[in-house]
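Listed below are the residues making up each chain.
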Amino acid sequence: MAWTKQYESRFIRVNPERRHFQVNRRVYTDPAIFELEKQRLLRRSWQYLGHESEVAAKNDFLVRQVIDTTLIFTRDRNGALHAFYNSCPHRGAIICRENAGNRRNFTCPYHGWVFKNSGELQTQNATHGYEADFNAEQMYNLLPVPRLATRAGFVFVNFDQDAMPLDEFLGDAGDRIDMLSQHSPAGLEVIGGMQEYYIKANYKLMCENSYDGYHLYATHGSYLDYQFSMLKGLDVRKPEGAGRGLSNGHSCFELDIQTGRPIAQWLPVWGEKARA
């Protein structure tokens, strides 16, 4: 097979004419490559933190892990959104040990330093050993993530102060996010509860699986059979879909399948109570 140097590197080989695309499997298994990706790619890209409805009330907060960093995602007492490193600027102790809650202040459990939920150091829990203007330069406030931005209620962070603006980074994917937020005139709300699972695999496998519709029938055939049995009597079509590139490396998978939606397509099998 003839490979052109223009499309070849130590990680990939591409033959556009034959529509062949091969990836070196080391990019899914080599820890050194993963560390390189975190520094050169992931920590310079905008990462999803949460939806603003998850901290809807003043003083609400969540603790989230982004890449390998734990953050406090909070709405302060004035209603502004923040993302702080979950680490005390004094000795580095973890400040927030709860996953969620409502607090006007955060207190470090090690030495009792107290911070407002807008980040400012309020007290060092001691009246001796500190000058009156100890924090005049604000260097002992909670450390915010370098960049925080919102698109249609979805909140993103970036660890690179010089990163491109969020909207520029999202490219065509920004329109899809807008579309998701406009399914109802009432807007989008993330409801309580969550489902978590852990997998010992490279993050790229999870991304690829999310927009790989090729495996649908082979892997999830029993689920599709269940769906069709629930939709008896309705106009059910065989699912068809396609993966789409959305510029800047973003992509999505579109699938025409009758899964039902609370507002756009309520299904009788859900029962009347589900309408609410």
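Residues numbered from 1 in each chain as written. Predicted model: local features only at pLDDT ≥ 70, side-chain atom pairs only at ≥ 80, totals over all residues. Heavy atoms only, no water.

### A look at the overall build of the chain
When its secondary structure is counted, the chain shows five helices and 14 strands. Each of the 276 residues in the chain was classed as buried or not, and the buried ones make up 32%. Taking the intrachain contacts of the chain between residues at least 6 apart in sequence as the baseline, contacts between residues at least 24 apart amount to 44%. Carbon together with sulfur atoms contributes 50% to the accessible area of the chain, which is approximately 18500 Å² in total. (Helix = DSSP H or I, 4+ residues; strand = E, 2+ residues; numbered from the N terminus. Buried < 20%, exposed > 50% of the residue type's maximum accessible area, 1.4 Å probe, protein only. Contact = heavy atoms within 4.5 Å. Areas by Shrake-Rupley, 256 points an atom, 1.4 Å probe, with all protein chains shown as cover.)

### Some thoughts on the sheet that holds strand E9 (residues 114-116)
Spatially, the three strands line up as an open sheet ordered E8-E9-E10, and their pairing is antiparallel. Each edge of the open sheet carries a strand with a single partner, namely strand E8 (105-107) and strand E10 (121-123). Across this sheet, the average inter-strand angle for adjacent strands is 35°, counted without regard to direction. The pairing of E9 with E10 spans two bridges and is classified as antiparallel. Among the inter-strand pairings, Val 114 is bridged to a residue of E10, identified as Thr 123. (Pairing = 2+ DSSP bridges. Axes fitted to C-alpha atoms, helices over the stretch in contact; angles between N-to-C directions.)

### Overview of unusual backbone geometry
Positive phi, close to 60°, is recorded for Arg 19, a residue that is not glycine. Its location among the elements puts Arg 19 in the loop between strand E1 (12-15) and strand E2 (20-23). On the accessibility criterion, Arg 19 (79% relative accessible area) is exposed. Positive phi, close to 70°, is recorded for Ser 247, a residue that is not glycine. The topology assignment puts Ser 247 in the loop between strand E13 (240-245) and strand E14 (251-256).

### Structural notes on the pattern of salt bridges
By the definition in use, this model includes 12 salt bridges. Here Asp 30 ties to Arg 26 by a salt bridge, and the two come within 2.9 Å at their closest N and O atoms. A salt bridge links Arg 176 to Glu 254; the nearest nitrogen and oxygen atoms lie 2.6 Å apart. Pair noted here: Arg 176 is in helix H3 (residues 173-181) and Glu 254 is in strand E14, with a separation of 78 residues, a long-range link. By relative accessible area, which is 27% here, Arg 176 ends up partly exposed. On the basis of relative accessibility, which here comes to 30%, the residue Glu 254 falls in the partly exposed class. Beyond isolated ion pairs, a larger network of salt bridges with shared partners links Glu 35, Lys 38, Arg 43 and Asp 68. (Salt bridge = Lys/Arg side-chain N within 4 Å of Asp/Glu carboxyl O.)

### A short note on the packing of aromatic side chains
The tally for this structure, following the rule as stated, stands at 11 aromatic pairs. A ring pair is formed by Tyr 48 and Phe 156, whose centres lie 5.7 Å apart and whose planes are at 65°; its orientation type is edge-to-face. Note that Tyr 48 is positioned in strand E3 (residues 47-51) and Phe 156 in strand E12 (residues 154-158), a separation of 108 residues in sequence. Centroid distance Trp 113 to Tyr 140: 5.8 Å. Interplanar angle 75°. Geometry classified as edge-to-face. In this pair, Trp 113 is assigned in the loop between E8 and E9 and Tyr 140 in the loop between E10 and strand E11 (147-151), connecting sequence segments 27 residues apart. (Phe/Tyr/Trp six-rings, centres within 6.5 Å; stacked < 30°, edge-to-face > 60°.)

### Things to note about the nonpolar core
Core analysis: the biggest nonpolar cluster contains 15 residues, and Ile 95, Phe 106, Trp 113 and Phe 115 have the highest contact counts within it. In this structure, Ile 95 is in contact with Asn 86, Ser 87, Cys 88, Phe 106, Thr 107, Cys 108, Pro 109, Phe 115 and Leu 142, ignoring residues within four places of it in sequence. One finds Leu 62, Phe 73, Ala 83 and Phe 159 within the second-largest nonpolar core, a separate group that totals 13 residues. (Core = buried A, V, L, I, M, F, W, Y, C linked by side-chain atoms within 4.5 Å.)

### Let's talk about helix H5 (residues 216-230)
For H5, built from 15 residues, the straight-helix expectation of 21 Å at 1.5 Å per residue is missed by more than 12%, its first-to-last C-alpha distance being only 18 Å. Ser 222 marks the point of greatest bend in H5, at about 60°. Here H5 has its buried residues at Leu 216, Leu 224 and Gln 227. Contacts made by the buried residues of H5 are with E14. (Expected span 1.5 Å × (residues − 1). Bend = angle between axes of the 7 residues up to and from the residue.)

### Description of the sheet that holds E11
Spatial ordering of the open sheet is given by E3-E12-E11, a layout of three strands whose pairing is antiparallel. Single-partner strands in this sheet number two, and they are E3 and E11. For this sheet the average axis-to-axis angle between neighbouring strands, irrespective of direction, equals 30°. Pairing of E11 with E12 involves five bridges; the strand directions are antiparallel. Residue pairing across strands places Leu 148 opposite Val 157, the latter belonging to E12. Sheet contacts for H3: E11 and E12; angle to E11, the most-contacted strand, approximately 60°.

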